[in-house]
Amino acid sequence: MNTIWQGRLDGEELLYHRIFQSVKAENNYDAISTNDFVLHGFAVDEGVRRNKGRQGAKDAPDVIRKNMSNFPVIRPDFSLLDFGNITCEDGNLENTQNELAKRVSKVLLKGGQSLVLGGGHEVTFAHYKGVKTAFQEQKIGIINFDAHFDNRQPENGVGASSGTGFWQIAQEGEIHSLHIGIQRNSNTLKLFDTAHQFGMKYILADELFFENLPSVYERVNDLADSVDFLYMTICMDVFNASIAPGVSASAYNGIFADAAFMHLYRHILRNTKLIALDIAEVNPSLDIQDRTARLAASLANEWLMI
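Within each chain, residues carry numbers counting from 1 in the order of the written sequence. Given that this is a predicted model, residues contribute local features only at a pLDDT of at least 70 and side-chain atom pairs are listed and counted only at 80 or more, while totals for whole chains, interfaces and linings are drawn from all residues. Values reported for side chains reflect all heavy atoms of the structure, with hydrogen atoms and water molecules removed beforehand.

### Considerations on the overall build of the protein
Within the protein, the secondary structure is distributed over 10 helices and 9 strands. Principal axes of the C-alpha set define a box for the protein whose edges measure 55 × 45 × 40 Å. When a residue's accessible area, from a 1.4 Å probe over protein chains only, is under 20% of the maximum for its type it is buried; when over 50% it is exposed; and in between it is partly exposed. Residue burial in the protein is summarised as follows: out of 306 residues, 57% are buried. Should any heavy atoms of two residues lie within 4.5 Å, those residues are counted as being in contact. In the protein, 77% of the contacts between residues at least 6 apart in sequence involve partners at least 24 apart. If you sum the accessible surface of the protein, you get close to 13200 Å²; carbon and sulfur atoms cover 47% of it. Working definition: helices are DSSP H or I runs of at least four residues, strands are E runs of at least two. Numbering for both runs from the N terminus. For the area figures, the Shrake-Rupley method with a 1.4 Å probe applies, and any residue is considered shielded solely by the protein chains shown.

Right, dumping it as C-alpha cells:
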C-alpha cells in the first residue's frame, strides 16, 4: 500500500502534510471512529464485461490513489483509512457486490463516511446495498452523475452488469434518485420509460449551465429534504471525452468540470446527509496522461477536504 501512496515530502509537520502522509492502511473495522473517511477500492469490471463494454476499470483504484496522494491536507481533523481493494477473480459479481455491501455497512454503523473507488459502475448496487443494510428503516437518496440511466433489466443468462444497478435498486423497493448529466443520445426510449416508471428524476446534460443553477439546486434540495441520508455515485463517462478519455463509453458532448459543475458538486458535498460517495468507470488502459484518473482523484479530494 505504501508503494501506491507516495508524493512530494515538504516536511513532517502537519502544516506540510499531503494525503500520502496522512492516510492509514487498515483492516480492522473496529478502528473506525465517527467521521473517519473510509476507503475501499472496488477493483472489478466484470459488470462492464457483461454489459459488452471496454474492460480495464478494475485497474483504476490504485491509479486513482496514486493521483490523490499529493493533494495537500487542509483539514486539521482529516482522517482517511484505506481498507484496500475488493476483487472479483472468479467472475462471481454478485458475491463481490455482497462483500462490498457488507463492508460498507460496517463502516457506516461505526459512524464512518464511505468512499469507494471503482471499478465499473456495477459498484452502484453494491454501495447502495451497503448503505441500505446499515439504515434499513431510513430513506436513502441517490444522486447519480452519469450520461446513462443504468436501469437495464438483466439479460437472461448474463445477470447483473454495470448497466443494471438502478433496475436492481428499484427491485429492492421505492427508489429516490436524481440523475444528473443524462444524455438523450445515450439512452433508448425504453430506458427513459423505465426511469419514469421507477420514479427516477433526472437533469439532462444540456441543463447544466451557470444561469440554470438555481433550478438545479432546487431539484437537488428537494431530493435531499425528502430523505434521511444521501449517497452519490459518479460515472466518469458523464464528462466530455477531452477531459475524461479513459472510460468505457466516452462522450464527445459530455459535461465539463467547469465553474457551474463545481458549484453544484460542492453544494451537494456540503450536505450533512451525504455519507457515501463512489467514482466509477475510470479505465487506465484508455486514459491519456492520467487525465481521467486525475479528475476522479480531484473529485474524491473535494469531499475529503470540503
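### Points about the packing of helix α4 (residues 93-109) against helix α5 (residues 123-134)
All axes here are fitted lines through C-alpha atoms, helices being fitted over the stretch that makes contact, and every angle between N-to-C directions spans 0 to 180 degrees. For the pair α4 and α5, interaxial distance at closest approach is 7 Å and the crossing angle is 40°. It follows that α4 is oblique to α5 by the angle criterion. Crossing geometry of α4 relative to α5 is assigned as right-handed. Mapping the contact onto sequence places Q97, N98, L100, A101, V104, S105, L108 and L109 in α4 and V123, F125, A126, H127, K129, G130, V131, T133 and A134 in α5. Looking at the contact of α4 with α5 residue by residue, the class counts come to 10 nonpolar, 6 polar and 1 charged. We call two directions roughly parallel when the angle between them is under 35 degrees, roughly antiparallel when it is over 145, roughly perpendicular when it lies between 65 and 115, and oblique otherwise. The handedness criterion is simple: a crossing whose near helix is rotated anticlockwise from the far helix by less than a right angle is left-handed, and one whose near helix is rotated clockwise is right-handed. Residues are grouped as follows: Ala, Val, Leu, Ile, Met, Phe, Trp, Tyr, Cys and Pro are nonpolar; Asp, Glu, Lys and Arg are charged; every other residue, Gly included, is polar.

### Looking at the layout of surface pockets
Within this model, the largest pocket holds a volume of roughly 290 Å³. The definitions used throughout rest on a 1 Å grid laid over the protein atoms alone, on which a cavity is an enclosed set of points accommodating a 1.4 Å probe that cannot get out and a pocket is an open set flanked by protein within 12 Å on both sides along at least five of seven lines; lining residues are those having an atom within 4 Å of a point. Lining the largest pocket are 21 residues, and of these N51, H148, D150, S162 and A249 sit closest to its centre. Tallied by class, residues from the lining of the largest pocket come to 5 nonpolar, 10 polar and 6 charged. Grid points are joined across faces, edges and corners, and a volume is the space filled by probe spheres set on the points.

### Here's the deal with the UniProt feature "binding site: Mn(2+) 2" (unreviewed entry) in the protein
UniProt positions are given in the numbering used here, feature names are shortened, and annotations may be inferred rather than shown by experiment. The UniProt record marks D146, H148, C235 and D237 with the feature "binding site: Mn(2+) 2" (unreviewed entry), using the residue numbering of this structure. Taken together, the annotated residues stretch across 92 residues yet fold into one region, lying no more than 8.7 Å apart by C-alpha. Narrowing the list just given to those that line the largest pocket leaves D146, H148, C235 and D237. The contacts of D146, once residues within four sequence positions are left out, are H121, I180, G181, I182, C235, D237 and V238. We call two N or O atoms a polar contact when they sit within 3.5 Å, provided that within protein one can donate a hydrogen and the other can accept it, with sequence-adjacent residues counted only if both atoms are side-chain atoms. A polar contact of 3.2 Å, which involves the side chain of D146, links it to the side chain of H121. You can see H148 is positioned in the loop between β5 (140-145) and α6 (165-171). Residues in contact with H148, not counting those within four places in the same chain, are I182, S186, N187, D237 and A249.

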